[in-house]
Amino acid sequence: MLLQLVKKDFLIVKKYVLLMIAVCVVFPLFLIWRSPEYAGILGFVLITIFSIFMLLQYVSLKETQYPKASTLLCALPFSRKDIVLSKYIFCILIYFACSLIFGLETLLFPQLRNVGYELPALSFLVISVVLGIYLPVQYKLGYEKTKMFFVVLIMASPFLFAKSLEIETNFIAEVLSERNPIALLAACLIISMVILIISSVISTGIYKKADLS
Amino acid sequence: MENILEVKGLNKTYQDFSLKDISFSLPEGCITGFIGINGAGKTTTLRSILGLTPIESGDIRVFGMDMATNEKAIKERIGIVLDEGGFYDELSLSEMKGIIASAYQSWNENEYRAYLDRFSLNPKQKISTLSKGMRMKYALALALSHEAELLIMDEPTSGLDPLIRSQLLDILKEFMERGGRGVFFSTHITSDLDKIADMLVMIDGGRIVFQEEKDTLLDGYRIVKGDLMKLDSNSEKMFMAIDKTTYGFTAITKNVDEARKILPDSIFERPAIEDIMLCNIKGGK
């Protein structure tokens, strides 16, 4: 039941899913060509965040375009909790898909260098924090009022990109090398899961009270 | 007959509209028409029953179970047809079915395919390419393919041509023939209910105006046509929706016997549901 709801999210944005897969494949290769020194880590982090939010925005756009479809789903024996959880799982699956694509690319293109598992774990934490805040806010305010957040994210991405370069060289590399990688991975995953669970509980609470037109 | 649906003291307030103390019940084995003009509160009531909108107070029981605590079990046994379907237009019929079927434990794929064949629907077709009538047939196929015992439909005949409306009514009759079932059917096109409804519930301005068996209701009212000269302030009190012209008057009365005594020369005609609905709307008097 829950998986069908996740599948529904992919189905309603299937055109964009194919586009994002193509972007996920091409973007790191583009970085190898233009900025080979940053291709690995930034190629992964930026494309993962961008893919998740882009597809999430498209799903929200479709839900807004067809509001009665959400009403119908809630009129069926689907629980609102499952409908909310499917959105979180949808985002997590995109994260894993991006990791898989990037992982395969690192095997084919050594220039991307192996990012190990610490960076994907840290990225997952960052994504969990952003999603953990964004999804409850979107359930509360709706797509129209929160789409500005995404516009700001896109507008700020060049700045974030430049900042990330500094962070990567000056901070992350040191942090990653000095910490016990297993502990770091475990901490990232546990904190991420806690954030996502709390966020999904809040989102479910909001959506259960939603007045579906 | 047991009640398949019972609504008691339902209250819900919006800024500019409210449902006030809505109470009615649907007996098993009946097609119940839920009538009222646009904005009367039909859709809000249906959505409150289905838990789609939070209510302030009220008790909703379906199949004898409390909707608040048995929502999933109840919805397993309900078929839903929303106005305009409520589908993602870019999906194919088959893709949308996959989503909806996964919600039901008792989904009957053979029955679904039989409905698609009967309605000449191609499962690979995109929902966006369906006409309004085909969309309604598809919605019915989905609503009737999981052994539903109660069919709740919000304005299903709105915007459909007479042939498709007639086919829809035939399907509802078939659905009821299996026994132990009920249909709750909101509409402002009352001619469909003239043909098929057993029971009528009318709502206006967020309040229930009446709940009555259709035949009893139609027997209780008469359209009266008579000479304007015979109408005085006393006799006017018996009538609703009085329409006066230079040739005479037309009105509706619930006091049929008394009206016959006072105006024996007038013509008394059996009204349609629409006449009764209109005369009960505020301002219809």
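Not measured: the values here are computed from a predicted model.

### So, the overall build of chain A
Helix and strand content of chain A: 8 helices and 0 strands. Moving toward the C terminus, one meets the helices and strands of chain A in the order α-α-α-α-α-α-α-α. Expressed as a percentage of its 213 residues, the buried residues of chain A come to 35%. Pairs at least 24 residues apart make up 85% of the contacts formed inside chain A by residues separated by at least 6 positions.

### Some thoughts on the overall build of chain B
Looking only at helices and strands, chain B has 11 helices and 14 strands in total. Taking the principal axes of the C-alpha coordinates as reference, chain B spans close to 65 × 40 × 40 Å. Sequence separation of 24 or more characterises 71% of the internal contacts of chain B that already satisfy a separation of 6 or more.

### Quick look at the sheet that holds strand β4 (residues 57-62) of chain B
All names here are of chain B. Pairing is antiparallel in the open sheet, where 4 strands are placed in the order β2-β1-β4-β5. This sheet does not close on itself; its edge strands, each paired only once, are β2 (18-27) and β5 (65-66). Both strand β1 (residues 3-13) and β2 contribute to a ladder of 7 bridges, which runs antiparallel. Its bridge partner lying in β2, valine 7 is registered against phenylalanine 24.

### Describing helix α4 (residues 67-75) of chain A
Of all 9 residues in α4 of chain A, 7 are buried, a share of seventy percent or more. Along α4 of chain A, the positions that sit buried rather than exposed are Ala69, Ser70, Thr71, Leu72, Leu73, Cys74 and Ala75 of chain A. Lining the buried residues of α4 of chain A we find α3 (39-65) and α5 (80-108) of chain A together with β6 (78-81) of chain B.

### What about the nonpolar core?
Among the nonpolar cores identified, the biggest contains 125 residues, and Ile52 of chain A together with Ile80, Ala143, Leu150 and Ile152 of chain B are the most heavily contacted of them. If you count residues domain by domain, this core takes at least three from each of domain 1 (3-213) and domain 2 (221-280) of chain B. In this view, isoleucine 152 of chain B contacts Leu46, Leu50, Ile78, Ile80 and Phe184 of chain B; residues no more than four positions away in its chain are not counted.

### With respect to the packing of α5 of chain A against helix α8 (residues 181-208) of chain A
All names here are of chain A. Interaxial distance between α5 and α8 falls to 9 Å at its minimum, and their mutual angle equals 135°. When the axis of α5 is compared with that of α8, the two are oblique. In this structure, the crossing between α5 and α8 has a hand that is right-handed. In contact with Arg80, Lys81, Ile83, Val84, Leu85 and Tyr88 of α5, α8 contributes Leu196, Ser200, Ser203, Thr204, Tyr207 and Lys208. Taken together, the residues of the contact of α5 with α8 break down into 6 nonpolar, 3 polar and 3 charged.

### Regarding the interface of chain A and chain B
Taken together, the 20 residues of chain A in the interface contact 24 residues of chain B. Looking at the side of chain A that touches chain B, the elements that each hand over two or more residues are α1 (2-12) and α4 of chain A.

### Topic: the sheet that holds strand β13 (residues 249-253) of chain B
Residue and element names in this part refer to chain B. Taken together, the 4 strands give an open sheet; going across it, the order is β12-β13-β11-β14, and neighbouring strands pair in antiparallel fashion. Two strands bound the open sheet, and with one partner strand each, they are β12 (239-244) and β14 (267-269). Between one strand axis and the next, the sheet turns by 20° as a mean value, whatever way the strands run. Where β12 lies against β13, 4 bridges are found, and the strand directions are antiparallel. Bridge pairing in β13 links methionine 240 to isoleucine 252.

### Considerations on the pairing of β1 of chain B
All names here are of chain B. Here β1 hands over to β2 after 4 residues, the two strands then running antiparallel side by side. As paired elements, β1 and β4 share 5 bridges and run antiparallel to each other. When the sheet's bridge partners are listed, glutamate 6 is paired in β4 with arginine 61.

### A word on the packing of helix α2 (residues 14-34) of chain A against α5 of chain A
Residue and element names in this part refer to chain A. Running from N to C, α2 and α5 point in directions that differ by 40°, and their axes come no closer than 10 Å. Taken as axis vectors, α2 and α5 run oblique relative to one another. As for the relative orientation of α2 and α5, their crossing is right-handed in sense. Listed contacts from α5 to Cys24, Val25 and Pro28 of α2 are Cys98, Ile101, Phe102 and Glu105.

### Some thoughts on the domain arrangement of chain B
All names here are of chain B. For chain B, the domain assignment lists domain 1 (3-213) and domain 2 (221-280). Summarising the inter-unit geometry, the C-alpha centres of domain 1 and domain 2 are found 35 Å apart. Those elements that provide at least two residues to the side of domain 1 that touches domain 2 are α7 (190-196) and β9 (199-204). In terms of residue class, the side of domain 1 that touches domain 2 is built from 5 nonpolar, 1 polar and 2 charged.

### Notes on the environment of alanine 22 of chain A
Along the chain, the position of alanine 22 of chain A falls in helix α2. Residues alanine 22 of chain A and isoleucine 197 of chain A lie 175 residues apart in sequence; the distance between their C-alpha atoms is 31 Å.

### What about the environment of lysine 214 of chain B?
Residue and element names in this part refer to chain B. When you line up the elements, lysine 214 lands in helix α8 (residues 214-220). Taking the number of C-beta atoms within 10 Å as the measure of exposure, lysine 214 has 20 and is therefore buried. For the pair lysine 214 and methionine 229, spaced 15 residues apart in sequence, the C-alpha to C-alpha distance is 33 Å.

### Some points on the environment of tyrosine 247 of chain B
Residue position: tyrosine 247 of chain B is located in the loop between β12 and β13. Distance in space between the C-alpha atoms of tyrosine 247 of chain B and threonine 157 of chain B is 37 Å, their sequence separation being 90 residues.

Procedures and definitions
- Counting of residues starts from 1 at the beginning of each chain's written sequence and follows it residue by residue.
- Written order decides the labels, with chains lettered from A and ligands numbered from 1.
- With pLDDT at 70 or above as the cut-off, local features in this predicted model cover only qualifying residues; side-chain atom pairs require 80 or more to be listed or tallied, and sums for whole chains, interfaces and linings still use all residues.
- Per the convention used, a helix needs a DSSP run of H or I reaching at least four residues, while a strand needs a run of E reaching at least two, with both numbered from the N terminus.
- For every residue, the other C-beta atoms within 10 Å of its own C-beta are counted; 20 or more classify it as buried, 12 or fewer as exposed, and values in between as partly exposed. C-beta atoms are placed from the backbone.
- C-beta atoms are first placed from the backbone for all residues, and any pair lying within 7 Å is then listed as a contact.
- Criterion used throughout: strands pair if DSSP finds at least two bridges between them.
- Throughout this description, the term nonpolar core refers to a group of buried Ala, Val, Leu, Ile, Met, Phe, Trp, Tyr and Cys residues whose C-beta atoms join them within 7 Å.
- In this entry, domain limits derive from an automatic or database-based domain assignment.
- Each axis is a line fitted through C-alpha atoms, taken for helices only over the stretch in contact, and angles between the N-to-C directions span 0 to 180 degrees.
- Relative orientations are named as follows: roughly parallel for angles under 35 degrees, roughly antiparallel for angles over 145 degrees, roughly perpendicular for angles from 65 to 115 degrees, and oblique for any other angle.
- We call a crossing left-handed when the near helix sits turned anticlockwise from the far one by less than a right angle, and right-handed when that turn is clockwise.
- Think of it as three bins: nonpolar holds Ala, Val, Leu, Ile, Met, Phe, Trp, Tyr, Cys and Pro, charged holds Asp, Glu, Lys and Arg, and polar takes everything else, Gly as well.

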